[in-house]
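Structure assessment
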Amino acid sequence: MRYRYLTADVFTDKPFGGNQLAVFPDATGLGDEQMSALAREFNFSETTFVFPPEKGGTRKLRIWTPGGEVPFAGHPTVGTAHVLAEIGEIALEGESTPIVFEEQVGPVPVKIRASGGKPVFAQLSVAKLPETGPPVPTRETLASMLSLEPKDLVGGHFAPQSVSCGLPFLFVALKDRGAVKRSRIRVDQWERTLGSAWASMIMVFSRDPEREGSDIRARMYAPGISVPEDPATGSACAALGGYLAARDTRQEGTLRWVVEQGFEMGRPSIIEVEADKTSGAITAVRVGGASVTMSEGTIRVD
């Protein structure tokens, strides 16, 4: 049987930037082994498989990396919304169209912005508010694992911490984007240090961006799911929004950051992050960006 797929570059408004995504707009009939094989065949950070809704949402999504299925991911959610709207599988309702994707993490609301009848931006709201994880390895251990010196890591208020909005990440603040650029995962040390940790995926970042209008420079490494480095990670940026909002002295209103990622990989990505705070508590986190549909075809699945 042949299945239709499309590919998109996500968190970019220009072709050949952002994070690549394969989308199967109607995956009815595909089983776990077939979805896993297809994800490995494309070998993108993620591939999404779209099914009819089961719990009142717009569509059900299953998201696979080359290493296995994940309960939630940002760039697949944003990119799939864009692709489905562009091919007419989701009808646009003027300038803003609300939808809900059923993912393993729970229902994920998404808003699709349109201009001239075409999708130009999609923004997800997390199904789970940020939660922090257990204590993390020492600065010395993390620095060595990242091929850095302990002095490259920021301490104090911005000490390393694990945070999850449905998918856990370890955040390591670095002193400048030069340190971000120099970082490299030593996989043998990663296996000993984080291989079985609550948060095995690691995002390094600095409040020293390159691009005017950005606030954060970041890189994300996930060797445990066969993603040596990811050019744009919406789920990590959602959790980063929780990390940053918890350290912001503002008690009320919407906090905003623009994250640049993927620059070191030659795939520049721009991710917009928002967090709402009420009486000092984080009440919502949103992540959004543009996408560009790149290709379409069919693939035979026996």
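A few points on the structure. (Residues numbered from 1 in each chain as written. Predicted model: local features only at pLDDT ≥ 70, side-chain atom pairs only at ≥ 80, totals over all residues. Heavy atoms only, no water.)

For an α-helix, 3.6 residues make a turn, and residues three or four places apart therefore share a direction. For helix H2 (residues 74-86), spanning 13 residues, the distance from its first C-alpha to its last is 18 Å, which sits close to the expected 18 Å at 1.5 Å a residue. Among the 13 residues that make up H2, twelve are buried, leaving the element largely enclosed by the rest of the structure. Regarding H2, the residues found buried are Gly-74, His-75, Pro-76, Thr-77, Val-78, Gly-79, Thr-80, Ala-81, His-82, Val-83, Leu-84 and Ala-85. Count one or two residues on from H2 and you reach Gly-88, which has phi positive near 85°. (Helix = DSSP H or I, 4+ residues; strand = E, 2+ residues; numbered from the N terminus. Expected span 1.5 Å × (residues − 1). Buried < 20%, exposed > 50% of the residue type's maximum accessible area, 1.4 Å probe, protein only.)

Take the pairing of strand E2 (residues 19-24) next. Within E2, five of the six residues are buried, leaving the element largely enclosed by the surrounding structure. With five bridges joining them, strand E1 (residues 2-10) and E2 adopt antiparallel strand pairing. Looking at the pairing, Val-10 lines up with Asn-19 of E2. With four bridges connecting them, E2 and strand E3 (residues 46-51) associate as parallel partners. Bridging from a neighbouring strand, Phe-24 pairs with Phe-49 of E3. The parallel pair E2 and E3, bridged by helix H1 (residues 32-42), forms a crossover whose chirality is right-handed. (Pairing = 2+ DSSP bridges. Right-handed = clockwise from strand over helix to strand, strands pointing away.)

What follows is about the environment of Thr-283. Relative to the assigned elements, Thr-283 resides in strand E17 (residues 281-289). Exposure remark for Thr-283: the relative accessible area of 39% places this residue in the partly exposed category. As a C-alpha pair, Thr-283 and Thr-254 span 29 residues in sequence and 9.8 Å in three-dimensional space. Setting aside residues no more than four positions away along its own chain, Thr-283 makes contact with Leu-129, Asp-276, Lys-277 and Thr-278. (Contact = heavy atoms within 4.5 Å.)

All right, on to unusual backbone geometry then. Its identity is not glycine, yet Phe-16 carries a phi of approximately 70°, on the positive side. Here Phe-16 lies in the loop between E1 and E2. Judged by relative accessible area, Phe-16 falls into the exposed class, the value being 62%.

Let us now look at the state of the cysteines. The full count for this structure, using the stated rule, is zero disulfides. With no disulfide of its own, Cys-165 lies 11 Å from the sulfur of Cys-237, the closest cysteine sulfur. (Disulfide = S-S within 2.5 Å.)

In total, this model carries 20 salt bridges according to the counting rule given. Among the salt bridges present, the one from Arg-219 reaches Glu-229, with a minimum N-O distance of 2.8 Å. Of this pair, Arg-219 sits in strand E13 (residues 216-222) while Glu-229 sits in strand E14 (residues 227-230), and the two are ten residues apart along the sequence. The partner of Glu-264 in a salt bridge is Arg-219, with the nearest N and O atoms 4.0 Å apart. Of this pair, Glu-264 sits in the loop between strand E15 (253-261) and strand E16 (269-278) while Arg-219 sits in strand E13, placing them 45 residues apart in sequence. Of the residues examined, Glu-264 reaches a relative accessible area of 25% and is grouped as partly exposed. We classify Arg-219 as buried; its relative accessible area is 5%. A single network of salt bridges, built from pairs that share partners, joins Glu-210, Arg-217, Arg-219, Glu-229, Glu-260 and Glu-264. (Salt bridge = Lys/Arg side-chain N within 4 Å of Asp/Glu carboxyl O.)

Turning to the nonpolar core, a few remarks are in order. Core analysis: the largest hydrophobic core is formed by 56 residues, its most contacted members being Val-110, Phe-171, Phe-205, Leu-240 and Tyr-243. Among the elements that take part in this core, helix H6 (residues 234-247) stands out by supplying eight residues, more than any other. Apart from the residues lying within four places of it in its own chain, the contact partners of Phe-205 are Phe-171, Val-172, Ala-173, Leu-174, Val-180, Ile-216, Arg-217, Ala-218, Leu-240, Tyr-243 and Leu-244. Core analysis: the next-biggest nonpolar cluster, separate from the first, contains 18 residues, Leu-153, Leu-174, Ile-185 and Tyr-221 among them. (Core = buried A, V, L, I, M, F, W, Y, C linked by side-chain atoms within 4.5 Å.)

Our focus in this paragraph is the environment of Asp-13. Tracing the chain through its elements places Asp-13 in the loop between E1 and E2. Given the relative accessible area of 55%, Asp-13 is considered exposed. Separated by 280 residues in the primary sequence, Asp-13 and Thr-293 place their C-alpha atoms 9.8 Å from one another. Leaving out residues up to four positions away in the same chain, Asp-13 has contacts with Ala-290 and Val-292.

The complete set of buried residues in H1 reads Met-35, Ser-36, Leu-38, Ala-39 and Phe-42. Projected onto a plane normal to the axis of H1, the buried residues spread over an arc of 160° and lie on a single side. In H1, those exposed residues whose orientation departs by more than 90 degrees from the buried face are Glu-33 and Glu-41. Following H1 by one or two positions, Asn-43 has its phi on the positive side, about 60°. (Arc of directions from axis to C-beta.)

By the element assignment, Ser-45 lies in the loop between H1 and E3. Classification of Ser-45 by relative accessible area gives buried; the value is 11%. For Ser-45, the side chain forms a polar contact with the side chain of Asp-230, separated by 2.5 Å. Not counting chain neighbours up to four residues away, the residues in contact with Ser-45 comprise Asn-19, Gln-20, Trp-64, Thr-65, Pro-66, His-75, Val-227, Asp-230 and Pro-231. (Polar contact = N/O pair within 3.5 Å; in protein donor to acceptor, adjacent residues only side chain to side chain.)

So yeah, pure geometry; function would need other evidence.
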